[in-house]
Amino acid sequence: MRLFIAAFLPEETKDVLFRYVQSLRSFLRGVRWEPREKLHVTLRFLGDVDESCLEDILADVGSAVCGSGSVESGFDDFCLFPGSRNPRVLALGLVKSEQFQSLFDKVQSAVLQNGFEMEKRKFIPHVTLGRIRGDFEGIRKIPRPDGTEFSITRVGIVQSDLGSRGSRYTSLRTWNLQGGI
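Anyway, here's the lowdown on the structure attached to this text. (Residues numbered from 1 in each chain as written. Predicted model: local features only at pLDDT ≥ 70, side-chain atom pairs only at ≥ 80, totals over all residues. Heavy atoms only, no water.)

Focus on the pairing of strand 8 (residues 154-163)
Here's step 1: With 6 bridges joining them, strand 1 (residues 2-8) and strand 8 adopt antiparallel strand pairing. Looking at strand 8, one finds that leucine 3 is bridged to glutamine 159.
Here's step 2: As paired elements, strand 8 and strand 9 (residues 166-176) share 10 bridges and run antiparallel to each other. By the bridge assignment, valine 155 is partnered in strand 9 with tryptophan 175.
Here's step 3: Hairpin connection of strand 8 to strand 9: 2 residues between the antiparallel strands. (Pairing = 2+ DSSP bridges. Helix = DSSP H or I, 4+ residues; strand = E, 2+ residues; numbered from the N terminus.)

What about the layout of surface pockets?
Rolled over the atoms, a probe sized like a water molecule indicates the empty space that remains.
Here's step 1: Taken as a whole, the largest pocket holds about 880 Å³ of empty space.
Here's step 2: Around the largest pocket, the lining comprises 29 residues; the ones closest to its centre are Thr42, Phe45, Arg121, His126 and Thr128.
Here's step 3: Looking at the lining of the largest pocket, the elements that each hand over two or more residues are strand 1, strand 3 (40-48), strand 6 (126-132), strand 8 and strand 9.
Here's step 4: A total of 5 residues in the lining of the largest pocket trace back to one element, the largest contributor, which is strand 3.
Here's step 5: A breakdown of the residues in the lining of the largest pocket according to their chemical character gives 12 nonpolar, 7 polar and 10 charged. (1 Å grid on protein atoms, 1.4 Å probe; cavity = no way out; pocket = protein on both sides within 12 Å on 5 of 7 lines; lining within 4 Å. Points joined across faces, edges and corners; volume = space filled by probe spheres on them. Nonpolar A, V, L, I, M, F, W, Y, C, P; charged D, E, K, R; others polar.)

Notes on the pattern of salt bridges
Here's step 1: As enumerated under the stated definition, the model contains 9 salt bridges in all.
Here's step 2: In this structure, the salt-bridge partner of lysine 14 is glutamate 11, at a minimum N-O distance of 3.8 Å. Of this pair, lysine 14 and glutamate 11 are both found in helix 1 (residues 11-24), 3 residues apart, which corresponds to roughly one turn of the helix.
Here's step 3: Judged by its relative accessible area of 9%, lysine 14 falls in the buried class.
Here's step 4: With a closest N to O distance of 3.2 Å, glutamate 34 and lysine 38 form a salt bridge. For the pair glutamate 34 and lysine 38, one class covers both residues: buried.
Here's step 5: Within the structure, one salt-bridge network assembled from shared partners comprises Glu11, Lys14, Asp15 and Arg36. (Salt bridge = Lys/Arg side-chain N within 4 Å of Asp/Glu carboxyl O. Buried < 20%, exposed > 50% of the residue type's maximum accessible area, 1.4 Å probe, protein only.)

Considering the nonpolar core
Here's step 1: Within the largest apolar cluster, 47 residues are counted, with the highest numbers of intra-cluster contacts made by Ile5, Leu9, Leu17, Leu43, Val61, Ile152 and Val155.
Here's step 2: Sort the elements by how many residues they give to this core and helix 3 (residues 98-112) lands first, with 6 residues.
Here's step 3: Apart from the residues within four sequence positions on either side, valine 61 is in contact with Ile5, Ala110, Val111, Ile157 and Trp175. (Core = buried A, V, L, I, M, F, W, Y, C linked by side-chain atoms within 4.5 Å. Contact = heavy atoms within 4.5 Å.)

Focus on the side chain of arginine 44
Here's step 1: When you line up the elements, arginine 44 lands in strand 3.
Here's step 2: Polar contacts involving the side chain of arginine 44 include one to the side chain of glutamine 108, which spans 2.4 Å.
Here's step 3: Engagement of the side chain of arginine 44 in a polar contact is seen with the backbone oxygen of glutamate 117, the distance being 2.7 Å.
Here's step 4: Beyond its immediate stretch of four places on either side in the chain, arginine 44 contacts Phe4, Ile5, Val107, Gln108, Val111, Phe116, Glu117, Met118 and Glu119. (Polar contact = N/O pair within 3.5 Å; in protein donor to acceptor, adjacent residues only side chain to side chain.)

Focus: helix 3
Here's step 1: For helix 3, built from 15 residues, the straight-helix expectation of 21 Å at 1.5 Å per residue is met to within 8% by its first-to-last C-alpha distance of 21 Å.
Here's step 2: Of the positions making up helix 3, those classed as buried are Phe100, Leu103, Phe104, Val107, Gln108, Ala110 and Val111. Projected down its long axis, helix 3 carries its buried residues within an arc of 165 degrees, all on one side. (Expected span 1.5 Å × (residues − 1). Arc of directions from axis to C-beta.)

Here it is, written out as structure tokens:
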């Protein structure tokens, strides 16, 4: 199973972000845009995980995040991953707060308990907007989004199935950051 741990954006925020992404289509070529239902913040990519390990991961992540409190954030600036020289991903950064870092650290601790290695990359909260293809024009002339603020209240483990038309996501378990499943 190919898995990742995600912070889910509020539905209203996904609506605002998706309308914004729709407006970018006239500014940028060379981007395969993500659909609305795939807009999220990846807290930790786990990769291929043996199904026999899933229950322990679910228990530890759930214990770590339930009741930890919502994360206040907002739209920041654009990011290109892995960098601007040969970008493959266009993302919108989110305002990073102590709450966001704390949530990431809790998820990190939970996956370390299950034999995963420490994430080597610095945590940069972002939402992937699209995958960059050959003739990408850069981000200099893109209009910036409004300073929408929102609260992230749910985290989940998502299975990602790769196919010829991209990946398909299935949420396996979701936790409320105020407590409960």
